[in-house]
Amino acid sequence: THCVSGCVCPHNQVLDGKGGCIAPEDCPCIHNGNFYSPGESIRVGCNNCTCTNRKWQCSENPCLETCSVYGDGHYTTFDGKRFDFEGDCEYVLVQNYCGQQGLNQGTFRVITENIPCGTTGTTCSKSIKVFLGNYELVLTDGHSDVIQRTPGGQMPFQIHSMGIYLVVDTTVGLMLMWDRKTSIFIKLSPSFQGQICGLCGNYDGNGNNDFTTRSQSVVGNVMEFANSWKVSSSCPNANQTKDPCTANPYRKAWAQKQCSIITSEVFAKCHSQVEPNEYYQACVDDACACDTGGDCECFCTAVAAYAQACNELDICISWRTPSICPLFCDYYN
């Protein structure tokens, strides 16, 4: 029906925004700026949501939360705390060997080995090691190796490819996605909430206490927190590195121009859901820092990290082009 007398709807009807009138229960639902009719469903994380009487009715399945490490030492914990840390050593990303009895009660550990990836002191993740049961999984140089440390026991890993990622599924509620370079996404079952520790935080739903050291002290300093999780005490403590764009000022304008794709219309659908500015700044830093070759790879990894964060919320962005970080689809398919 159409509105009457200067677009005033009849009793018990409302404007539909297109010059017409509809019953209130026929109004659409909104998600990420898009309108959905009553009865339409979308997927948000691991849950399905259906538009019913102007509101989303969602299933309440417990979803796996994600900890991410990418590029030149950019971390986001399971509870969403973001920080940068550049140390040249092996560090515990996540383990459930925590607390006073932790050494005896844990079941898994994930370690990252960081190496310098530029002349400014920045470091990138070179390899990932996963310890689970009698097995050790090593992800390095683009491929995976499984090591059985003691005889017996069924292999707790399943490894397969998904696009650019190598995906590792385990039997304990731990999943890893690795881009075969410097990005790793660790997904963990809610059953581990509050029972883990490491650079990925404690997964208790509160990002403010994620800087918990190996000795279970909550600190405010990133360096104190992160250095406490180095695997070997013989490694030197990392110090704050110099701003890469100050060290390499000739790269700054190029880095800002390239990385502006993150804040551009290309990712407009995602901006309201995933804050772009922190990812943009991380991209600029990485593009300035990678001055020993592979500068485009550092840029592409940084943009891909933002795209993946959007993808986690079911916002898929086609941002790659033949001239911007192209993929050889025949190879990946």
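Refer to the preceding data block for the structure.
Residues numbered from 1 in each chain as written. Predicted model: local features only at pLDDT ≥ 70, side-chain atom pairs only at ≥ 80, totals over all residues. Heavy atoms only, no water.

Draft legend 1. Representation of the pattern of salt bridges within the structure. Applying the stated rule across the entire model yields three salt bridges. When the shortest N-O distance is used, the salt bridge between Glu90 and Lys129 registers 2.9 Å. You can see Glu90 sitting in strand 11 (residues 90-95) and its partner Lys129 sitting in strand 13 (residues 123-132), a full 39 residues away along the chain. (Salt bridge = Lys/Arg side-chain N within 4 Å of Asp/Glu carboxyl O. Helix = DSSP H or I, 4+ residues; strand = E, 2+ residues; numbered from the N terminus.)

Draft legend 2. Local environment of the packing of helix 4 (residues 252-259) against helix 6 (residues 276-289). In the contact formed by helix 4 and helix 6, the axes pass within 8 Å of each other and the chain directions differ by 140°. When the axes of helix 4 and helix 6 are compared, the pair comes out oblique. Both helix 4 and helix 6 take part in a crossing whose hand is right-handed. Residues Lys252, Trp254, Ala255, Gln256 and Cys259 of helix 4 pack against Tyr280, Cys283, Val284, Ala287 and Cys288 of helix 6. For the contact of helix 4 with helix 6, the per-class residue count stands at eight nonpolar, one polar and one charged. (Axes fitted to C-alpha atoms, helices over the stretch in contact; angles between N-to-C directions. Parallel < 35°, antiparallel > 145°, perpendicular 65-115°, else oblique. Left-handed = near helix turned anticlockwise from the far one by under 90°. Contact = heavy atoms within 4.5 Å. Nonpolar A, V, L, I, M, F, W, Y, C, P; charged D, E, K, R; others polar.)

Draft legend 3. Looking closely at the environment of Ile261. By the secondary structure assignment, Ile261 is in the loop between helix 4 and helix 5 (268-271). Given a relative accessible area of 9%, Ile261 falls into the buried group. Separated by 63 residues in sequence, Ile261 and Ile324 have C-alpha atoms that sit 9.9 Å apart. Leave out the neighbours within four places in its chain, and Ile261 touches Val266, Phe267, Phe299, Val303, Trp319 and Ile324. (Buried < 20%, exposed > 50% of the residue type's maximum accessible area, 1.4 Å probe, protein only.)

Draft legend 4. Fine view of a nonpolar patch on the surface. A cluster of nonpolar side chains, namely Val146, Met155 and Ile159, defines an oily patch on the protein surface of about 210 Å² accessible area. By secondary structure assignment, the location of Ile159 is in strand 16 (residues 157-162). (Patch = residues over 30% accessible without salt bridge, like charges linked within 9 Å, V, L, I, M, F, W, Y side chains within 5 Å. Areas by Shrake-Rupley, 256 points an atom, 1.4 Å probe, with all protein chains shown as cover.)

Draft legend 5. A look at the sheet that holds strand 7 (residues 55-58). Strand order in the open sheet formed by three strands is 5-6-7, with antiparallel pairing between adjacent strands. With one partner strand each, in any of the chains shown, strand 5 (41-44) and strand 7 form the two edges of the open sheet. Each strand axis lies, on average, 35° off the axis of its neighbour in the sheet, ignoring direction. Across four bridges, strand 5 lies against strand 6 (residues 47-52) in antiparallel orientation. If you follow Ser41 over to strand 6, its bridge partner there is Thr50. (Pairing = 2+ DSSP bridges.)

Draft legend 6. Seen up close, the sheet that holds strand 16. One open sheet accounts for seven strands, arranged 10-9-8-19-18-17-16; its pairing is antiparallel. Either end of the sheet is taken by a strand with one partner, and the two such strands are strand 10 (82-84) and strand 16. Adjacent strand axes in the sheet meet at a mean angle of 15° when their direction is disregarded. Alignment of strand 9 (residues 74-76) against strand 10, held across three bridges, turns out to be antiparallel. Across the sheet, residue His74 finds its bridge partner in strand 10, namely Asp84.

Draft legend 7. Representation of the pairing of strand 16 within the structure. Pairing of strand 16 with strand 17 (residues 165-170), which is carried by six bridges, proceeds in the antiparallel orientation. Bridge pairing in strand 17 links Gln158 to Asp169. Hairpin remark: strand 16 followed by strand 17, antiparallel, with two residues in the connecting loop; positive phi at Gly163, about 65°.

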